[in-house]
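Here is how the chains run, residue by residue.
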Amino acid sequence: MIEKNYQPAEIENRIARAWDDAGAFKAGRPERKDAEPFTIVIPPPNVTGSLHMGHALNNTLQDILCRFERMRGRDVLWQPGTDHAGIATQMVVERQLMERKEPGRRDMGRAKFLERVWQWKAESGGTIVNQLKRLGASCDWSRERFTMDEGLSRAVAKVFVELYAQGLIYKDKRLVNWDPKLLTAISDLEVQQTEVKGHLWHLRYPLEGVSFDPENPATFIVVATTRPETMLGDTAIAVNPEDERYKDVVGSFAVVPLVGRLIPIVADEYSDPEKGSGAVKITPAHDFNDFEVGKRHNLPSISVLDQEARLTLSANEDYLRDLPEASLIFAEELHGKDRFAARKLIVAKLEEAGFLEKIEPNTHMVPHGDRSGVVIEPFLTDQWYVDAKTLAEPAIAAVRGGETTFVPKNWEKTYFEWMENIQPWCISRQLWWGHQIPAWYGPDGKVFVAETEDEAVGKALGYYVEQGVITPEQGEEMARDAAKRDGFITRDEDVLDTWFSSALWPFSTLGWPDTDVDVNRYYPTNVLVTGFDIIFFWVARMMMMGIHFMKDVPFPTVYIHALVRDEKGAKMSKSKGNVIDPLHLIDDYGADALRFTLAAMAAQGRDIKLSTQRVEGYRNFATKLWNASRFAEMNGCALVDGFDPSATKETLNRWIAHETARATREVTDAIQAYRFNDAAGAMYRFVWNVFCDWYLELAKPVLMGPDSPAKAETQASIAWARDEILKLLHPFMPFLTEELWGVTATRSGLLALAEWPLKPGPDMAAVMAVAAAGDPLAVSGMAALPREAEQFSDPAAESEIGWLIDLVSSIRSLRAEMNIPPATLFPLVLVGASDDIRARAERWSDVMKRLARLGEISFADRAPDGSVQLLVRGEVAAIPLKGVIDLGAEKARLDKELAKAQADIARVDAKLSNEKFVANAPEDVIDEQREKREEAETRKTKILEALERLKDVA
C-alpha cells in the first residue's frame, strides 16, 4: 500500500539499509562472476572534507553510470575511498590541539603527533563517506580504501623506488611555491591568485662608471617592481633585444641601489618594451620567470628570505663579502625583519638616497596559500622531483592516438597544452602527515632509496663496506644488531605530495603490487568522471603512472563535468555568501530531487546555474510519479504474470508500449553518450507528459467504467508501464524508485539489481567513438545499431493517439492565446477529414470534448467563415470564433502585449550594445539580460502568431 504523501526523509535511510543488507553494490557477486566488468574509481575526497555541490554533481553522474550498467548485467565495481589530504589534515589536528590547549606538533614530536592524526581519522574521517551514502552513491563500500592504508603505502614506496632506480625521480634545487606559515612547498592547485591593490615602485639603478645623479636619466636605468624587498637578491637587469632604447647598455653593468653590487644588463625577450620602462630586475631566487631568465644567462641565485619569509642576508657569506661597510650595516638592520616590514624600511631608504623615482597604485594578482591564507613565496630549496616530461610523452601519445578520449573533446586541448609544457614535478612536502619519502642518508649524506628501512640499511652497509668506511665484520655486526647501527642512517623527514599517491589510485586500490587478481579483472577502468580543474594535477598523472606501471591507460574515457554555480551564474564562495549546501537540499527536498536536478542540468561543456527553485521543481516531479503510482494502485492496476505489452489489443495500451520503447531508447543512448541532461529530460517528458498527463488521463474512462477485457488489459498495461518507468528512472532517483518498486508488488529482488528494459547492444567504446567524432546526428541515431532484442513499435497506435494529443494541445494553446475562459465551449469542425480521421474523432469524441472543452464536433469540406484553422499532423481543424470572443478587444489586448514585449527587447538591446556596460558588468548580469531578451522574443513570436490568427477570423 502506497502512503498518501511522498516523504523522502522517511524513505531514504530505510532503502539505504536494504541495499546494504543485500550487498547490492558489491563487485564480484556470484551470479555475475562471468559478466563483463564495469569499473569506475571515485575521485577520492579529502578525509577532512564535507560534501559540497561539486562532490554532489560528480558522484551523482558516476552513480547514474554505475546503476545503469549494474542493471544491464555488468559486474560493476565503483571503487570508493578517501585521500589523506596532507596539509588539510595536519592543519585540522594542529587546530584541535590548539583549541584543547594541548602541546603543539613540534612539542609533541613526530611519532606522537601521527598517533593523534590517526586517532582523529578514526573518529572523524568518515564524515564525507556517510554523506556520499546519503546522496545514494552505490559504491562497493566493503572495498573502501584510504591513500595511507598499508596496501596503498606499499604501492607508493614501490613506485618511488622504481622511478628513482630508473632516474625518473631525483633531488634538485629549484624554485617552489613556499608557504611561509605552514613551512612547506605546496602545489599550484593549492595556490589562489588574489587581486590586491598594491603599488608599483619605479627604482633608479645607477649605471657603472658614471656618477649617479637623480636628475640626470643618463646616469641610471629605471626598473619597476611590486616587490622592492627582493631587490637585494637581484642578479641582473633584463631588456628586450629589440628595444632600441637600451642597445648601448646591453652587456654593461648597473649597481643595485643600497647594496652597491654590480649586476649585468642582459638582453632577453622576457622583458616587454610596452610595460613600464621596458627594463625589469631579475631575481632568480624569488620569481619563477626570473629563475628561467637566470638559467638562460647563467646568473647566480641569491636568496634573501628565509623559510618564514624574513630577510636573511647573514646566511649569504659570499654575498656579504663584496658589500661596502654601509651596506653591511643596513643588511644587519634588515636581518630577521618580516618581508613586509623590510619592504617599508627599504622603500624609505631608497627615497632618502634618491633611488625612488615614483610610486604608482597598482592592482595585481598575488598568490596566496589556500589553507594558510598568507602570500606565497617563490623559494629556492632542495626538493625531490619526478621527471614528468619523460613520463608525459606516452601519456600524450595515448590521447593523440585515441586510446583515451576526453568528453567533451575540447578538453583534450587543455590536456595537451599542460602536458607539452610540463615542468619537473616537485613531490616533496615539509609535513609530517603523509607518505614519508623512502630515502635514507648515510653519515656522509649519501642517499639510499629503498622500500623498507631494512633494505636501506642493507644497501648502506654494503656501500660503506665497499668504500672501506667500515670493515666487513663491522657491517655484519651492524646488520645483526639494530642497536649497533642506531643513527647510522637517517630517514628523509619530508613526505610525498598527496597527488603522488592519488596518481596510483586506479591500480593501487585493486591490490597492486601485492596481488594482480583484481587488477587483471578491473583494470583498466571504464571511465573517469571528474572536474576540469584537476585534469593536470590528477588525470594527467594517473595517465603517466598507469601507462608506466600497468602498460595500459587507466581509462579509455575521461568525462569532464562543468562547475555548479549559483542561480545567477556566479561561482560559489563563502565570501560571497552564495554557497548552496547539498546536505541542506537533501534535508529539505530529498536526495533524489537534488540528483535529478544536477543530472537534468549537466549539459556537456555548460556550467550549472543552480537554484533551490529547480530542486523544489524536481521534488514536485517525484511527487507527481508518487501520486500517479498511488492513483494506479487505487484503480486496481497490478502486475499480471506473463504480461506482454506487444499482445495488447487496445490502441491506447499499444501506444504507451510504443512510447515506453521510444523513451527507453532515448534514455539508454543518452546515458551511453554521457548526455546526462538529455537522458533526464527524456525521462521527465515521458513521466510527466506522456504517462501522467496523457496516458492516465486517457485511460480514466476505461478505469472508471465497468469490468471488461479492455479494463483488465489497461490495468495490467498501466502497472507494466509504471514498472518500466521505475527501471528507467532508477539511476537518477534511486530512493523513490526502489521504494515504489517494493510497495507496488511482491518482488523477488531489489530494483537496483533488476534488468534494464533495453538489452545491451553497442558497447560504451562504440558509442564514445561516435560521440567523440562530434556528430550529434550519429549519436542520436545509436538506436539503429544492432541490439540483442528489438523493442516493440506500433506506428499506427502512435499515429492515432499522437493525433489526439496534438489536436487537444493545439486547441488548448489557442484558448490560452485568445484568452478564452475554460467555461466557454466552442465547436470544432474537422475539414476534409478522411474516413480514418472521422473514425478516430468518433472513437475519442467524449475525451476530446472533455479535455479540450468543446461543444459540437462536426465535419465539413471547407472551413466555416470566421474560424481559426489549425494544422494537426496534416489534417485541418477549424474553430469558429465569431461571437465567441470580442475580436476588437482581443486585438487591442494583443497589440498592448506586443508593444510591451518589443519595449523589453529594446531595453535589453540598448544595454547589450553599450560597450561600457558589457565590459564592466559581471558575467551573470550579462547572462541574465540575454535570458530576458530570449524570453521577450518568445512572447513576441507567440503574440504575432495570435494576431495572424485573428486576421483569419476577421
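Participant: Account for the pairing of strand S9 (residues 236–239), naming residues and giving values.
Facilitator: What you see with S9 is no split at all: Ala236 and Ala238 on one side and Ile237 and Val239 on the other are buried throughout. One ladder, built from four bridges, connects S9 with strand S12 (residues 279–282); its direction is antiparallel. Pairing of alanine 238 across the sheet is with valine 280, part of S12. Here S9 runs beside strand S11 (residues 262–267); their pairing, made up of three bridges, is parallel. What sits directly across from valine 239, in S11, is alanine 267.

Participant: Break down the sheet that holds strand S7 (residues 191–206) for me, citing the residues and quoting the values.
Facilitator: The strand order across the open sheet built from three strands is S8-S7-S13, with neighbouring strands paired in antiparallel fashion. The two strands at the open ends of the sheet, each matched to only one other strand, are strand S8 (220–225) and strand S13 (356–369). In this sheet, neighbouring strand axes are inclined to one another by 20° on average, regardless of whether the strands run parallel or antiparallel.

Participant: Could you give me a rundown of helix H31 (residues 845–852), with the residues and numbers involved?
Facilitator: Along an α-helix, residues three or four apart share an orientation, since each turn contains 3.6 residues. Residues Ser845, Val847, Met848, Leu851 and Ala852 constitute the buried set of H31. Taken end-on, H31 shows its buried residues confined to a sector of 165°, consistent with a single buried face. In this structure, the buried side of H31 is in contact with helix H24 (676–704), helix H29 (795–817), strand S26 (826–831), helix H30 (835–843) and strand S27 (854–860). Just downstream of H31 lies arginine 853, where phi reads positive at about 60°.

Participant: Requested: an account of the pattern of salt bridges, with residues and values cited.
Facilitator: Applying the stated criterion across every chain, the model contains 61 salt bridges. Here arginine 310 makes a salt bridge to aspartate 306, at a shortest N to O gap of 3.0 Å. The exposure class assigned to arginine 310 is partly exposed, which follows from its relative accessible area of 32%. Close ionic contact of glutamate 697 with arginine 850 constitutes a salt bridge, the shortest N to O distance being 2.8 Å. Taken together, the residues glutamate 697 in helix H24 and arginine 850 in helix H31 connect sequence positions 153 residues apart. Each of Arg227, Glu229, Arg339, Arg343 and Glu377 takes part in salt bridges that share partners, so that together they form one network.

The rules behind these values
- Residues numbered from 1 in each chain as written.
- Predicted model: local features only at pLDDT ≥ 70, side-chain atom pairs only at ≥ 80, totals over all residues.
- Heavy atoms only, no water.
- Buried < 20%, exposed > 50% of the residue type's maximum accessible area, 1.4 Å probe, protein only.
- Helix = DSSP H or I, 4+ residues; strand = E, 2+ residues; numbered from the N terminus.
- Pairing = 2+ DSSP bridges.
- Axes fitted to C-alpha atoms, helices over the stretch in contact; angles between N-to-C directions.
- Arc of directions from axis to C-beta.
- Contact = heavy atoms within 4.5 Å.
- Salt bridge = Lys/Arg side-chain N within 4 Å of Asp/Glu carboxyl O.

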